[in-house]
Amino acid sequence: MAKQLDYHTIRTIFTRFQAAEAEPQGELHHVNAYTLLVAVALSAQATDAGVNKATRPLFATVDTPQKMLDLGLEGLTEAIKTIGLFRQKAKNVIRLSEILVNDYGGEVPSSRAALQSLPGVGRKTANVVLNMWWHVPAQAVDTHIFRVGNRTGICPGKDVDQVERAIEDNIPAEFQQHAHHWLILHGRYICTARKPRCADCLIRDLCPYEEKTA
């Protein structure tokens, strides 16, 4: 685990991220808050590309909690069978849809506590929805961010909670909104787990990682 980088270095890093991509976007397909919630819940232990392959045709006709209930467990299970853990995820989506219809008037709640009370929705999922839909600077720490944060010293921590706190505490406020997207995309495409593309890295000169690749 790298030592926490200083303020000026972190500011330089995120200035470069921002210059390269001012408005980074999440890669999960969605058409509204509900479909975003469902997509993120389905993405646990699955790739965004794999989730999108199943949800693009699904969300074309099923884009509200009530429509999901009308589709039913059997129909949803069939629609998402290419996604890992699809049976349990289908049950969670049906259950959370029932709660949204019965308790929230068919709308997705906009607080972390309310989101996390839904079946299959943890802190990371809640933070993604808060960030992407309501533009709250919430930090959703996944395996990419955990790796990048500890490898570079941008936001080191022993667990995801520590990394989330390190982002909130150390990254300048003007970069908080897009911080987790910049870090996810950097980890997904550049700072990869096995063979990081250090030669293509725009923060190579600021990164303390000793095992840089050519």
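Residues numbered from 1 in each chain as written. Predicted model: local features only at pLDDT ≥ 70, side-chain atom pairs only at ≥ 80, totals over all residues. Heavy atoms only, no water.

Section: the domain arrangement of the protein chain
Quick reminder of the rule: Domain delimitation follows an automatic or database domain assignment. Should any heavy atoms of two residues lie within 4.5 Å, those residues are considered in contact. Buried area: the accessible area, evaluated with a 1.4 Å probe, that two parts lose upon being put together, summed over both parts. By convention in these notes, a salt bridge is any Lys or Arg side-chain nitrogen within 4 Å of a carboxyl oxygen on Asp or Glu. By the criterion applied in these results, polar contacts are pairs of N or O atoms within 3.5 Å in which, for protein atoms, one can donate a hydrogen and the other can accept it, and in which residues neighboring in sequence qualify only through two side-chain atoms. Only DSSP runs of H or I with at least four residues qualify as helices, and only runs of E with at least two residues qualify as strands; both kinds are numbered from the N terminus onward. Classification convention: Asp, Glu, Lys, Arg as charged; Ala, Val, Leu, Ile, Met, Phe, Trp, Tyr, Cys, Pro as nonpolar; all other residues, Gly among them, as polar.
Considered domain by domain, the protein chain is made up of domain 1 (5–23 + 136–198) and domain 2 (31–132). Inter-centroid distance (C-alpha atoms) of domain 1 to domain 2 is 26 Å. On the domain 2 side, the residues contacting the 13 residues of domain 1 number 9 residues. Interface area, domain 1 with domain 2, both sides summed: about 830 Å², of which 46% is carbon and sulfur. Here domain 1 is connected to domain 2 by 2 salt bridges. Residues glutamate 164 and arginine 123 are paired through a salt bridge, measuring 2.8 Å at the closest nitrogen-oxygen approach. On inspection of domain 1 and its partner domain 2, the count reaches 8 residue pairs in polar contact (both at pLDDT 80 or more). A total of 4 residues in the side of domain 1 that touches domain 2 trace back to one element, the largest contributor, which is helix 10 (residues 176–189). Its residues assigned to classes, the side of domain 1 that touches domain 2 comprises 5 nonpolar, 4 polar and 4 charged.

As for the side chain of histidine 181
Among the structural elements, histidine 181 can be located in helix 10. Setting aside chain neighbours within four positions, we find histidine 181 in contact with Pro24, Gln25, Gly26, Asn131 and Met132.

Remarks on the environment of threonine 77
To be explicit about the condition: Here the term buried applies to any residue with accessible area under 20% of the maximum for its type, exposed to any over 50%, and partly exposed to those in between, with areas from a 1.4 Å probe on protein chains only.
Looking at the element boundaries, threonine 77 is found in helix 4 (residues 65–79). Residue threonine 77 is classed as buried on the basis of its relative accessible area of 14%. Distance in space between the C-alpha atoms of threonine 77 and valine 128 is 24 Å, their sequence separation being 51 residues. Excluding residues within four positions of it along the chain, threonine 77 makes contact with Phe86, Arg87 and Ala90.

Here's the deal with the state of the cysteines
Just so we agree on the cut-off: Our working definition of a disulfide is a cysteine sulfur pair at a distance within 2.5 Å.
Enumeration according to the criterion identifies 0 disulfides in this entry. Sulfur of cysteine 201: no disulfide; nearest cysteine sulfur belongs to cysteine 207 and is 6.3 Å away.

Looking at the UniProt feature "domain: HhH-GPD" (unreviewed entry) in the protein chain
Convention followed: UniProt positions are given in the numbering used here, feature names are shortened, and annotations may be inferred rather than shown by experiment.
Mapped onto this numbering, the UniProt entry annotates "domain: HhH-GPD" (unreviewed entry) at residues 42–189. End C-alpha atoms of residues 42–189 are separated by 22 Å, and the span's content is 66% helix alongside 0% strand.

Here we look at the UniProt feature "binding site: [4Fe-4S] cluster" (unreviewed entry) in the protein chain
Mapped onto the present numbering, the UniProt feature "binding site: [4Fe-4S] cluster" (unreviewed entry) falls at Cys191, Cys198, Cys201 and Cys207. In terms of the greatest pairwise C-alpha distance, the residues named above, spread along 17 residues, form a tight cluster of at most 10.8 Å across. By the element assignment, cysteine 191 lies in the segment after helix 10. Among the residues examined, cysteine 191 registers a relative accessible area of 7% and is labelled buried. Ignoring any residue separated from it by four or fewer positions in sequence, one finds cysteine 191 in contact with Arg147, Val148, Arg151, His186 and Pro196. One can find cysteine 198 in the segment after helix 10. Taking relative accessible area as the criterion, cysteine 198 reaches 9% and is therefore assigned buried.

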